[in-house]
Amino acid sequence: MKKSGFWKYIKKADFILLAAFVLVGVLMIVIPLAGSAKEESSAKESSSSSGPMVVIYTAGNEYGRYPLNEDKTITVSQIGDTITDTKKNVVEIKDGKVCMEESSCRNQICVDTGWISRKNEIIVCLPNQVYVTIEDDSASSGDTGMDAVAR
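For every chain, the first residue of the written sequence is number 1, and numbering continues from 1 onward in sequence order. Whole-chain, interface and lining totals are the exception, using all residues; otherwise, since this is a predicted model, local features are given only for residues with pLDDT of at least 70 and side-chain atom pairs are given and counted only at 80 or more. To obtain the side-chain values, all non-hydrogen atoms of the structure were used and water was disregarded.

## As for unusual backbone geometry
Keep in mind that most residues, glycine aside, have a negative phi and that most peptide bonds are trans. The phi angle at Q108 is positive, at roughly 60 degrees, despite the residue not being glycine. Here the term buried applies to any residue with accessible area under 20% of the maximum for its type, exposed to any over 50%, and partly exposed to those in between, with areas from a 1.4 Å probe on protein chains only. Residue classification places Q108 among the partly exposed positions, given a relative accessible area of 23%. Positive phi outside glycine occurs at Q129, with the angle close to 55 degrees. Helix and strand definitions follow DSSP, with helices as H or I runs of at least four residues and strands as E runs of at least two, each counted in order from the N terminus. For Q129, the position within the fold is in the loop between β6 (122-125) and β7 (130-135). Residue classification places Q129 among the partly exposed residues on the basis of a relative accessible area of 44%.

Encoded structure:
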């Protein structure tokens, strides 16, 4: 039987190539979905810890999360503009409050901020690009406590 029209140009390798493209397309959909399911389950596990969390950010990236109800001292060290220039901030969590105990910045505004203990309060060290905030468990699940959108 002789092939006619469209089918006379299609070879076995074309079918293999088409199958490979379909497989890659399916994997591009399935893999991110599987990753987001893992992130959701790990978020549920991390949100099962009771109470608000102290979240430390450096240069806009999350440095760490720590329970507000556990006493702890965290030292945040970063390399500055030169190798000899190191930026250092010490964050203390004690008795359900958090403060910036010490900082290598000149103006010390972050240290002078004092203790914070409520959700969405913040301590900022602009020279070292470090900020500390308190987030509730509901904030990690997408509920930011805001009831309106501002434009």
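Now, onward.
## Focus on the packing of aromatic side chains
For this analysis, a ring pair means two rings from Phe, Tyr or Trp (six-membered ring only for Trp) whose centres lie within 6.5 Å, classed as stacked if their planes differ by under 30 degrees, edge-to-face if by over 60, and tilted for the remaining angles. For the structure on display, the rule yields 1 aromatic pair. Pairing Y57 with Y131 gives two aromatic rings, centres 4.7 Å apart and planes at 20 degrees, and the pair type is stacked. With Y57 in strand β1 (residues 53-58) and Y131 in strand β7, this residue pair connects regions lying 74 residues apart in the sequence. Either the NZ atom of lysine or the CZ atom of arginine qualifies as a charge over a ring when it sits within 6 Å of the ring centre and within 35 degrees of the ring normal. Its guanidinium or amino end placed over the ring of W115, K97 lies 5.4 Å from that ring's centre, counting from NZ or CZ.

## Points about the sheet that holds strand β3 (residues 72-79)
The antiparallel open sheet is built from 3 strands, whose spatial order is β3-β4-β5. Edge positions in the open sheet fall to β3 and β5 (97-103), since each of these has one partner strand only. Between one strand and the next, the sheet's axes are offset by a mean angle of 20 degrees, whatever the strand orientation. Whether two strands pair depends on DSSP finding at least two bridges between them. Of the strand pairs in this sheet, strand β4 (residues 86-94) and β5 are connected by 6 bridges, and their pairing is antiparallel. The axes are straight lines fitted to the C-alpha atoms, using for helices just the contacting stretch, and the angles between their N-to-C directions are given from 0 to 180°.

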